[in-house]
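# Descriptive structure summary
These are the residues of each chain, in order.
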Amino acid sequence: MKSFCVTTPIYYVNDAPHVGHAYTTLHADITARWNRLKRNEVFFLTGTDEHGLKIAEAAEKLGISPQELTDSTSRRFKDAWDQLGIKYDDFIRTTEPRHIETVNAFTQKIYDAGYIVKDTWEGLYCISCESNYIESELENGMCPIHKRPVEKVKEDNYFFKLSQFEDRLLKFYEDNPKFIEPETKFNEALSFIKSGLKDISVTRSSFDWGITVPWDHSQVFYVWFEALINYVTALGYTSDPDRFNRLWPNTVHMIGKEITRFHCIWWPAMCMAAGINPPSKILVHGWLLVGGEKMSKTSLNKIDPVDLVDEFGLDQFRYLLVKGSPFGPDSEFSYEELKRRNNSDLANNLGNLLSRVLAVVNSKCDSITPKVDTDSILKPAADLAVESAKENWDNFSPANALESIWNLLRATNAYLETNEPWKGEPGDKVNKVLGDSLEVLRIAAVLISPVMPTSAAEILTRIGLTNYLDDVSLSDDLGWGQYPGGFEIKKDAPLFSRIK
RNA sequence: GGCGGCGUAGCUCAGUCGGCAAGAGCGCACGGCUCAUAAUCGUGAGGUCGCGGGUUCGAACCCCGCCGCCGCUACCA
């Protein structure tokens, strides 16, 4: 059995989950479900990132401990994922003992190999902002917000010798041209490496909400350096080496473009330093834009995914979120567009196709479904949809996979229109048309199940294939001509409602 | 400033190695149908493929220039 591991970033708990978080997580969920359908061993990891100065400060403002704050926000992410039908295999929190244990082991390994050394960090600090700046952010050497001089601050920190990995990273990129997708992000990362890498300060001594450096208890790790390690923590780096070796490095990290550098430069170098292979692939996606702007807390255009689930329904939301945009570039996200696609794709094309087929089975076949004919004008369309959907699911292109399935649905609606089974006398001709249409519903339901698991199961149940998804085989069961017929249809309300 | 990307029908976008008459979905218009969730089917609109040059038998795809937008350019979750 092949193994497949997909991760989301671990989300920083200074913000409640919004549609942007849901976007990444849903893509990972769909990919995980697709691979489960392929009967691969699947491990889908998500979680929350809980250390760092910002969390400590936020907790202080609220008058609670950082742990209390992270407990409550982490819970909100878990709740949100439950409500979005996210079926993860593990939810990691960086404050858990297993992570701290792994960070200790992983960083100790890097330290022992000589890639972490003590040095002096110099930064620019604005007393009014209470935060650090880098040279390029300053305006005339002054704090850009308060227009006053910044102070030079020094701190003895431990540095990760990123500079020593330049050549190895370049070689790795050269050997793995598909390491990062899309290609533009690969090129950005590559040119960053080529421009020369500096060592990075990876510990802090000015606050203590972090993981203590095992060889120097006066310091804690900088949150990013430690957070990346979550991926190997959860796979069993320290707790289950057998499983770790099975799943790593065959792992895909899905991330938003704002955290490309950490994942594409730091993380592979850290892996090399610790003596393991870098992950197999990093998929970088763009942002959902609302009126051309990134969805964020500060621009007040943040959308709660749970609200959209309430409005459209769970599977509808899942479909609409991934259908709207290819995984990669930024894309516009608007309520009007969601509504339009809900009505046309879901209610009209798919939901109504199911309704009309079952209505005719009811009136012409006494509610007992006919079986599919082995030869059909729809067969080529179905074969094409299966082939194309498979390829696109495998290539992390859900929007394209869905498009190919919808082409089949449209062809089937046209097929019904041409043959008008509602007009014919009960008999072979009517049975054939309906059997073929039921076969399309069977195949389409399987293909959409990663995105719409509940609706897919419901479609199958209504045509008599209860629990069909539990042991369907993608390699054996998607060929044309396998719908057996002979089932009594289950009549029910429309699958998807139109929204006005 | 340096490196890179984008600009294709009203909207959202496809267009692999340059080549059959520039595509899809939605929206819109007209027509058909009435089994179905006022769903569906057919047809259509006529987009200088950002602008100007060039290479080529032939370019949306290659080269040069210009305009507009955007990304990366280190320790910001």
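The following refers to the structure shown. Everything quoted here is computed from the prediction, not taken from an experiment.

### Side note on the sheet that holds strand β10 (residues 212–213)
The strand order across the open sheet formed by three strands is β9-β11-β10, and the pairing between neighbours is antiparallel. Each edge of the open sheet carries a strand with a single partner, namely β9 (203–204) and β10. With two bridges joining them, β9 and strand β11 (residues 216–221) adopt antiparallel strand pairing. By the bridge assignment for β11, Arg204 is matched with Val220.

### Some details on the state of the cysteines
Joining two cysteines, a disulfide is a covalent bond between their sulfur atoms. Throughout the structure, instances matching the rule amount to zero disulfides. Cysteine Cys271 is unpaired, with the sulfur of Cys264 as its nearest cysteine sulfur at 12 Å.

### With respect to the side chain of Thr251
When you line up the elements, Thr251 lands in strand β12 (residues 251–256). On the accessibility criterion, Thr251 (0% relative accessible area) is buried. With residues up to four places along the chain from it excluded, the contact list for Thr251 reads Cys5, Thr7, Leu235, Pro279, Ser280 and Lys281.

### Comments concerning unusual backbone geometry
For the bond running from Glu181 to Pro182, omega is 0 degrees, close enough to zero to count as cis. Of note, Pro182 is situated in the loop between β7 (180–181) and α6 (183–194). In this structure, Pro249 follows Trp248 across a cis peptide bond, with omega equal to 5 degrees. Within the element layout of this structure, Pro249 appears in the loop between α9 (241–247) and β12. Positive phi values are uncommon outside glycine, yet Arg39 reaches one of about 65 degrees.

### Considerations on helix α10 (residues 260–274)
With 15 residues, α10 should reach 21 Å at 1.5 Å per residue; the first-to-last C-alpha distance of 21 Å fits that figure. Within α10, the axis deviates most sharply at Trp266, by approximately 30 degrees, and proline Pro268 lies no more than four positions further along. Where burial is concerned, most of α10 is hidden: 14 out of the 15 residues are buried. Remark: Gly275 follows α10 within two positions and exhibits a positive phi of approximately 85 degrees.

### Points about the pattern of salt bridges
Across all of its chains, the model carries 31 salt bridges by this definition. Between Arg318 and Asp29 there is a salt bridge, with its nearest N and O atoms 2.7 Å apart. With Arg318 in helix α12 (residues 314–323) and Asp29 in helix α1 (residues 19–37), the pair connects residues that are 289 residues apart, well separated along the chain. Taking relative accessible area as the criterion, Arg318 reaches 0% and is therefore assigned buried. Assessed through its relative accessible area of 0%, Asp29 is described here as buried. Arg340 is the partner of Glu337 in a salt bridge, and the nearest nitrogen-oxygen pair spans 3.0 Å. With Glu337 and Arg340 both in helix α13 (residues 335–364), this residue pair falls three residues apart, about one helical turn. We classify Glu337 as partly exposed; its relative accessible area is 28%. Overlapping salt bridges, with partners in common, bring together Lys323, Asp345, Glu403 and Arg410 in one network.

### Things to note about empty space enclosed by the protein
Considering all chains together, one arrives at one cavity of 30 Å³ or more under this definition. Estimates place the volume of the largest cavity at around 40 Å³. Around the largest cavity, the lining residues are His27, Thr31, Met254, Phe327, Trp393, Phe396 and Pro398.

### Notes on the sheet that holds β7
An order of β3-β2-β1-β12-β13-β7 is seen for the six strands of this open sheet, with the pairing classed as parallel. The open sheet is flanked by β3 (90–93) and β7, the only strands paired with a single partner. With four bridges connecting them, strand β2 (residues 41–49) and β3 associate as parallel partners. Within β3, the position partnered with Thr46 by the bridge is Phe91.

### Things to note about the side chain of Arg442
Relative to the helices and strands, Arg442 is located in helix α16 (residues 428–448). Among the polar contacts listed, one links the side chain of Arg442 to the side chain of Glu439, at a separation of 2.7 Å. Side-chain polar atoms of Arg442 contact the backbone oxygen of Gly479, separated by 3.2 Å. Every residue in contact with Arg442, bar those within four places of it in the chain, is listed here: Leu460, Ile463, Leu465, Tyr468, Asp477, Leu478, Gly479, Gln482 and Tyr483.

### Considerations on the packing of α12 against α13
α13 packs onto α12 with a crossing angle of 110 degrees between their chain directions and a minimal axis gap of 10 Å. For the element pair α12 / α13, the angle class is roughly perpendicular. For the crossing formed where α12 meets α13, the hand is right-handed. Counted together, Gln316, Tyr319, Leu320 and Lys323 of α12 and Leu338, Arg341, Asn342, Asp345 and Leu346 of α13 form the full contact between these two elements. Along the lines of polarity and charge, the residues of the contact of α12 with α13 split into four nonpolar, two polar and three charged.

Thresholds, definitions, all that
Residues numbered from 1 in each chain as written. Chains lettered and ligands numbered in written order. Predicted model: local features only at pLDDT ≥ 70, side-chain atom pairs only at ≥ 80, totals over all residues. Heavy atoms only, no water. Pairing = 2+ DSSP bridges. Helix = DSSP H or I, 4+ residues; strand = E, 2+ residues; numbered from the N terminus. Disulfide = S-S within 2.5 Å. Buried < 20%, exposed > 50% of the residue type's maximum accessible area, 1.4 Å probe, protein only. Contact = heavy atoms within 4.5 Å. Expected span 1.5 Å × (residues − 1). Bend = angle between axes of the 7 residues up to and from the residue. Salt bridge = Lys/Arg side-chain N within 4 Å of Asp/Glu carboxyl O. 1 Å grid on protein atoms, 1.4 Å probe; cavity = no way out; pocket = protein on both sides within 12 Å on 5 of 7 lines; lining within 4 Å. Points joined across faces, edges and corners; volume = space filled by probe spheres on them. Polar contact = N/O pair within 3.5 Å; in protein donor to acceptor, adjacent residues only side chain to side chain. Axes fitted to C-alpha atoms, helices over the stretch in contact; angles between N-to-C directions. Parallel < 35°, antiparallel > 145°, perpendicular 65-115°, else oblique. Left-handed = near helix turned anticlockwise from the far one by under 90°. Nonpolar A, V, L, I, M, F, W, Y, C, P; charged D, E, K, R; others polar.

On their own, these measurements won't tell you what the molecule is for.
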